[in-house]
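Inside the fold
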Amino acid sequence: MFEHIDPYAGDPILTLNETFGRDPRPHKINLSIGIYFDDAGKLPVMSAVREAETAMLQTIGARPYQPMEGAANYRQAVQHLLFGPTHEAVTGGRIATVQTIGGSGGLKVGSDFLKRYFPDSQVWVSDPTWDNHRAMFEGAGFTVNTYPYYDSATGGLKFGEMLAAFKALPEHSIALMHACCHNPTGVDLNAAQWAELIPVIRARQLIPYVDIAYQGFGDGIDEDAFAIRALADAGIVFFCASSFSKSFSLYGERCGALSVVCPNAAEAELVLGQLRATVRKNYSSPPTHGGQIVARVLQTPALRARWAAELDAMRDRIHAMRQRLHAVLSAKLPGRNFDYFITQRGMFSYTGLTAEQADRLREEHAVYVLRSGRMCVAGLNSSNVEATAVAMAAVLAGTT
């Protein structure tokens, strides 16, 4: 019956992670998958999360279905974190937010919604972007194009080319952007560049779709929300998919959201209704447990302060690993400029390695990065950063 079905080639990131698991070499280093590990190489359990969940388990009760849009306290916590509790878009009721199954669920629900109400639009993503961005929007029936973004010569941003591309996009084009900690490159727009881009978005009547999966890993919790708040301040109508997987270390709980900033409260209510309908046709309603952990932490002042401090420490550790990687590589290869490791932000960096060099790094040195050259800096620690830098220097220099 199913002989005609094509075999699945596998997801390149998850498949590489499975290959790492089968590698018998004891010195192997996994910098492929986008997960934050602590300095001991372990997936952390944040103390604020532990306390919130422990308190919840003291009063275990019935677990009915949640509303299609998710829990009200969770949705409010999402809006306050992204936009600030006093932002006019929040207090004016013009944001429609639904709890989703991870940030990916937010992208899926939003793409299905947009395909229904803007069927003739096309989607534009950065070159490069997270692989699943293209897959999700193509899966919803959209044609997906790219706009210039990463400059391989400098390890920075092609902002001039990006701006020119946005000025030429057809009206109602859907422009998918990263709010901070760009995946996979770690290259972000600065505040001045956002200020230059936002008027173009308004003039061209584009539909921004902002993905924020790493809030707090760039410059800080509020600082990393700059683009989202600037778009809202400018009166732009836009979509925002957010995630707590990394910032709460709750990967398997799939805690995400989709927020749509609307022109007014009446339109927000219309959008929320159809987002409910979209959820109903997909997974019907979101799960309870993980979302309530997040809501309790964010809405309990003492827990929120502790969570923010823990997140600050995670960000500082990533920055220290960037600094150490930069120092060792610069010493090993003094004729090359590795400053991009310091200027790029968040969990990921483009290393400058070719696909062949990434293969050599894995095969000869047991250091796993994606064939695109992307590495997860959060996989580095004080025990493996030196070995990683030495291996990368050897591969870049063409030696063994």
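All values derive from a computational prediction rather than experimental measurement.

What counts as what
Residues numbered from 1 in each chain as written. Predicted model: local features only at pLDDT ≥ 70, side-chain atom pairs only at ≥ 80, totals over all residues. Heavy atoms only, no water. Core = buried A, V, L, I, M, F, W, Y, C linked by side-chain atoms within 4.5 Å. Buried < 20%, exposed > 50% of the residue type's maximum accessible area, 1.4 Å probe, protein only. Helix = DSSP H or I, 4+ residues; strand = E, 2+ residues; numbered from the N terminus. Contact = heavy atoms within 4.5 Å. Arc of directions from axis to C-beta. Phe/Tyr/Trp six-rings, centres within 6.5 Å; stacked < 30°, edge-to-face > 60°. Lys NZ or Arg CZ within 6 Å of the ring centre and 35° of its normal. Salt bridge = Lys/Arg side-chain N within 4 Å of Asp/Glu carboxyl O. Pairing = 2+ DSSP bridges. Expected span 1.5 Å × (residues − 1). Axes fitted to C-alpha atoms, helices over the stretch in contact; angles between N-to-C directions. Parallel < 35°, antiparallel > 145°, perpendicular 65-115°, else oblique. Left-handed = near helix turned anticlockwise from the far one by under 90°. Nonpolar A, V, L, I, M, F, W, Y, C, P; charged D, E, K, R; others polar. Polar contact = N/O pair within 3.5 Å; in protein donor to acceptor, adjacent residues only side chain to side chain.

Looking at soluble globular proteins, one finds that nonpolar side chains tend to be buried together. Grouped together as the largest cluster of nonpolar side chains are 109 residues, with contacts concentrated most on Phe 166, Phe 238 and Trp 307. Considering every element that reaches this core, the biggest residue donor is helix H12 (residues 301–332), with 10 residues. Setting aside anything within four residues of it in sequence, one finds Trp 307 in contact with Met 46, Ala 48, Leu 81, Ile 221, Ser 247, Phe 248, Val 297 and Leu 298. Ala 96, Ala 241, Ala 268 and Leu 272 belong to the second-largest nonpolar core, a separate cluster that totals 28 residues.

Within helix H2 (residues 47–56) the residues assigned to the buried category are Ala 48, Val 49, Ala 52 and Met 56. On an axial view of H2, the arc spanned by its buried residues comes to 100°, and they lie on one face. Elements that come into contact with the buried residues of H2 comprise helix H11 (289–299) and H12.

Glancing now at the packing of aromatic side chains. One pass over the structure, following the stated rule, counts 18 aromatic pairs. With 5.6 Å between their ring centres and 85° between their planes, Tyr 214 and Phe 348 make a pair best called edge-to-face. Residue Tyr 214 is found in the loop between strand E8 (207–212) and helix H9 (226–233), and its partner Phe 348 is found in strand E11 (residues 348–350); the two are separated by 134 residues along the sequence. Side by side, Tyr 214 and Phe 348 carry an identical accessibility label, which is buried. Note on Tyr 340 and Phe 341: the rings are 4.7 Å apart at their centroids and 35° apart in plane angle, and the pair reads as tilted. By the burial criterion, Tyr 340 is buried, and Phe 341 matches it. A network of ring pairs unites the aromatic residues Phe 113, Tyr 117, Phe 137, Phe 142, Tyr 209 and Phe 239 as a single cluster. The ring of Phe 20 is capped by Lys 28, whose NZ or CZ atom sits 4.6 Å from the centre of that ring.

Relative to the helices and strands, Lys 246 is located in the loop between strand E9 (238–243) and strand E10 (255–261). Residues within four places of Lys 246 in sequence aside, it is in contact with Gly 34, Ala 213, Tyr 214, Phe 217, Tyr 251, Met 314 and Met 347.

The next subject is the environment of Glu 310. Residue position: Glu 310 is located in helix H12. Remark: the alpha-carbon pair of Glu 310 and Ser 47, spanning 263 residues in sequence, is separated by 8.1 Å. Beyond its immediate chain neighbours, meaning those up to four positions away, Glu 310 contacts Met 46, Ser 47 and Ala 48.

On inspection of all chains with the given rule, the structure shows 16 salt bridges. For Asp 39, the salt bridge is made with Arg 317, and the minimal N-O distance between the two is 3.5 Å. Remark: Arg 317 occurs in helix H12 and Asp 39 occurs in the loop between strand E1 (29–30) and H2; sequence separation between them is 278 residues. A residue is classified by how much of its surface remains accessible, and Asp 39, at 33% relative accessible area, is partly exposed.

Let us now look at the pairing of strand E4 (residues 144–148). Both strand E3 (residues 123–127) and E4 contribute to a ladder of five bridges, which runs parallel. Looking at E4, one finds that Val 125 is bridged to Thr 146.

With that settled, consider helix H3 (residues 72–83). Across its 12 residues, H3 extends 16 Å between first and last C-alpha, which sits within 8% of the 16 Å expected from 1.5 Å per residue. Among all positions of H3, only Tyr 74, Arg 75, Ala 77, Val 78, Gln 79, Leu 81, Leu 82 and Phe 83 are buried. Gly 84 lies just past H3 and shows a positive phi near 90°.

Our next topic: the packing of helix H5 (residues 102–117) against helix H6 (residues 131–139). At a minimum axis separation of 9 Å, H5 and H6 run at an interaxial angle of 30°. Accordingly, the angle class assigned to the pair H5 and H6 is roughly parallel. Note that H5 runs across H6; the crossing there is right-handed. Taken together, the residues of H6 that come into contact with H5 (itself represented by Ser 104, Leu 107, Lys 108 and Ser 111) are His 133, Met 136 and Phe 137. Its residues assigned to classes, the contact of H5 with H6 comprises three nonpolar, three polar and one charged.

Position of Gln 344 relative to the elements: it lies in the loop between helix H13 (340–343) and E11. Look at Gln 344 and you get buried, because its relative accessible area is 2%. One polar contact links Gln 344 to Ser 349, side chain to side chain, over a distance of 2.8 Å. Not counting chain neighbours up to four residues away, the residues in contact with Gln 344 comprise Tyr 150, Gly 155, Thr 185, Gly 186, Val 187, Arg 322, Ser 349 and Tyr 350.

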